[in-house]
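One letter stands for each residue in the lines below.
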Amino acid sequence: MANPFKIGDRVQLEPDDHARGWSWPTFERVRLKPGDTGLITRISQEDYLYLDDDRGGFHWECFKKV
């Protein structure tokens, strides 16, 4: 499945339980935690989303459109 999001979309980080488990130490480093929302400002390697002031780097499947 291809990334359905584009730059400028407003999204919320909502990782599933598995993603939360392996990502927990990463939340602080990327300045983004579950429930945070923002505008997509960059997409890396077609799948990894960055919000607002370059927060993020999570796979698009961890986000939902708001």
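Quick note: structure is the one above.
What counts as what
Residues numbered from 1 in each chain as written. Predicted model: local features only at pLDDT ≥ 70, side-chain atom pairs only at ≥ 80, totals over all residues. Heavy atoms only, no water. Salt bridge = Lys/Arg side-chain N within 4 Å of Asp/Glu carboxyl O. Helix = DSSP H or I, 4+ residues; strand = E, 2+ residues; numbered from the N terminus. Buried < 20%, exposed > 50% of the residue type's maximum accessible area, 1.4 Å probe, protein only. Phe/Tyr/Trp six-rings, centres within 6.5 Å; stacked < 30°, edge-to-face > 60°. Lys NZ or Arg CZ within 6 Å of the ring centre and 35° of its normal. Pairing = 2+ DSSP bridges. Axes fitted to C-alpha atoms, helices over the stretch in contact; angles between N-to-C directions.

(A) Local environment of the pattern of salt bridges. Tallied over the entire structure, the rule returns eight salt bridges. Of the charged contacts, one joins Arg-31 and Asp-53 as a salt bridge, the two residues approaching to 3.4 Å between their closest N and O atoms. Note that Arg-31 is positioned in the loop between helix H2 (26–30) and strand S2 (37–44) and Asp-53 in the loop between strand S3 (48–51) and strand S4 (55–59), a separation of 22 residues in sequence. Judged by its relative accessible area of 42%, Arg-31 falls in the partly exposed class. By relative accessible area, which is 48% here, Asp-53 ends up partly exposed. Linked by salt bridges that have partners in common, Arg-31, Lys-33, Asp-36, Asp-52, Asp-53 and Arg-55 make up one network.

(B) Molecular detail of the packing of aromatic side chains. For the coordinates displayed, the defined rule picks out one aromatic pair. Ring centres 5.6 Å apart and planes at 40° place the aromatic pair Phe-27 and Phe-58 in the tilted group. Of the two residues, Phe-27 is situated in helix H2 and Phe-58 in strand S4; the sequence distance between them amounts to 31 residues. Here Arg-42 stacks its cationic end above the ring of Tyr-50, 3.7 Å away from the centre of that ring.

(C) Seen up close, the sheet that holds strand S5 (residues 63–65). The antiparallel open sheet is built from five strands, whose spatial order is S4-S3-S2-S1-S5. Sheet topology places S4 and S5 at the edges, where each strand pairs with a single neighbour. Taking each pair of neighbouring strands and ignoring which way they run, the sheet shows an average axis angle of 45°. Here strand S1 (residues 10–13) runs beside S2; their pairing, made up of three bridges, is antiparallel. Along S2, the bridge assignment pairs Gln-12 with Thr-37.

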